[in-house]
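Topology and contacts: notes
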Amino acid sequence: MTDTLHAAELTDEALREQAERAGRELEDASASDILRWAADTFGKRFCVTSSMEDAVVAHLASRVFPGVDVVFLDTGYHFEETIGTRDAVGAVMDVNLITLTPRQSVAEQDAAYGPKLHDRDPDLCCALRKVKPLEEGLTAYAAWATGLRRDESPTRANTPVVGWDEKRRKVKVSPIARWTQDDVDAYVAEHGVLTNPLLTDGYASVGCAPCTRRVLEGEDARAGRWAGLGKTECGLHG
Ligand code: SF4
């Protein structure tokens, strides 16, 4: 409790130093121990974000912090399978599921910017439908956990297990950063964790439907995201 109160009172600079120190000290810790540190340090000011590609981090977090806030960003462009995974996670896991939505519906965005903004200006579309809503949704938290892994793509190769998110000025926890796809598969099999059905239908990474395609043999997991658009990240993690 004392640690939690201290974390709430720390300045951004002190939080950044705390995050960087924890990143060094927890580099070899298990995912559960990393999440336990985050839960003990930040209490209710800590949440897990999930794209509902799988529910591994939500599952890990719910075991060390029952009732943990799990934040899902509903862009309005998700596959039905993703929304179904979100609903199933809320029904079967001991988590407090929170769904964030953009200020504008897809119809309102189409009226303001023209249809299919994702094809013409995906950075703006992601800014409106992902980056801004997440920024607003995270204001109540000092720390957030993600499912980022170093093996997903070259842009994620240096992801720290705990780091400082300069853009949002929050502690960013990536408890499975060191995991491989085999580690994820083993955890899913051992614990019967929910996964998005699209992962067994040729998709290696699941995002919004208009910007996600199946991957080809030998491609990295995120090659099916914004394929042909020269874009690799939505702005949430860049
Ligand atoms: Fe828009 Fe595509 Fe970004 Fe989703 S991933 S917010 S549809 S540009």
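Rules of the game
- Residues numbered from 1 in each chain as written.
- Predicted model: local features only at pLDDT ≥ 70, side-chain atom pairs only at ≥ 80, totals over all residues.
- Heavy atoms only, no water.
- Near = heavy atom within 4 Å.
- 1 Å grid on protein atoms, 1.4 Å probe; cavity = no way out; pocket = protein on both sides within 12 Å on 5 of 7 lines; lining within 4 Å.
- Sits in = over half its atoms within 2 Å of the grid points.
- Helix = DSSP H or I, 4+ residues; strand = E, 2+ residues; numbered from the N terminus.
- Axes fitted to C-alpha atoms, helices over the stretch in contact; angles between N-to-C directions.
- Parallel < 35°, antiparallel > 145°, perpendicular 65-115°, else oblique.
- Left-handed = near helix turned anticlockwise from the far one by under 90°.
- Contact = heavy atoms within 4.5 Å.
- Nonpolar A, V, L, I, M, F, W, Y, C, P; charged D, E, K, R; others polar.
- UniProt positions renumbered as here; feature names shortened; annotations may be inferred.
- Core = buried A, V, L, I, M, F, W, Y, C linked by side-chain atoms within 4.5 Å.
- Buried < 20%, exposed > 50% of the residue type's maximum accessible area, 1.4 Å probe, protein only.
- Expected span 1.5 Å × (residues − 1).
- Pairing = 2+ DSSP bridges.

Right, let's talk about the site of the ligand for a bit. In the vicinity of the ligand there are 10 residues, among which Tyr77, Cys125, Cys126, Cys208 and Cys211 approach most closely. One can see that the ligand is located within the second largest cavity. Ranked by residues supplied to the shell around the ligand, first place goes to helix 8 (residues 122-137) with 5 residues.

Attention shifts here to the packing of helix 6 (residues 106-113) against helix 8. Angle between the axes and distance between the axes are the two parameters that describe a pair of packed helices. Running from N to C, helix 6 and helix 8 point in directions that differ by 140°, and their axes come no closer than 12 Å. By the criterion of interaxial angle, the relationship of helix 6 to helix 8 is oblique. Classified by chirality, the crossing of helix 8 by helix 6 is right-handed. On helix 8, the residues touching Val106, Gln109 and Tyr113 of helix 6 are Leu124, Cys125, Leu128 and Arg129. Split by residue class, the contact of helix 6 with helix 8 holds 5 nonpolar, 1 polar and 1 charged.

So, on to the UniProt feature "domain: Phosphoadenosine phosphosulphate reductase" (unreviewed entry) in the protein chain. Within this numbering scheme, the UniProt entry marks residues 51-213 as carrying the feature "domain: Phosphoadenosine phosphosulphate reductase" (unreviewed entry). Secondary structure across residues 51-213 divides into 37% helix and 14% strand, with the first and last C-alpha atoms of the span separated by 16 Å.

A word on the UniProt feature "binding site: [4Fe-4S] cluster" (unreviewed entry) in the protein chain. UniProt feature "binding site: [4Fe-4S] cluster" (unreviewed entry): in the numbering of this structure it lies at Cys125, Cys126, Cys208 and Cys211. A stretch of 87 residues holds the annotated residues, and the largest C-alpha distance among them is 11.0 Å, short enough that they meet in one place. Among the residues just listed, Cys125, Cys126, Cys208 and Cys211 line the second largest cavity. Topologically, Cys208 is positioned in the segment after helix 9 (181-191). In contact with Cys208, not counting residues within four places along its chain, are Thr75, Tyr77, His78, Phe79 and Lys130. Summarising the element assignment, Cys211 is placed in the segment after helix 9.

With 44 residues, the main nonpolar core has Trp37, Phe46, Val56, Val162, Val171 and Val173 as its most contacted residues. For this core, the leading source of residues is helix 3 (residues 31-42), giving 7 residues. Each residue touching Phe46, except ones within four places of it in the same chain, is listed here: Leu35, Ala38, Ala39, Phe65, Val68, Tyr141, Ala143, Trp144, Ala145 and Val173.

Attention now moves to helix 3. Relative to the 16 Å expected for 12 residues at 1.5 Å per residue, helix 3 spans 16 Å between its end C-alpha atoms, a close match to the ideal helical length. Where helix 3 is concerned, the buried positions are Ala31, Ile34, Leu35, Trp37, Ala38, Ala39, Thr41 and Phe42. Looking at the residues trailing helix 3, positive phi occurs at Gly43, about 55°.

What follows concerns the pairing of strand 5 (residues 162-165). Across 4 bridges, the pairing between strand 5 and strand 6 (residues 170-173) is antiparallel. Opposite Val162, over in strand 6, you have Val173 as the bridge partner. What sits between the antiparallel neighbours strand 5 and strand 6 is a turn of 4 residues, in which Arg169 has the positive phi angle 55°.

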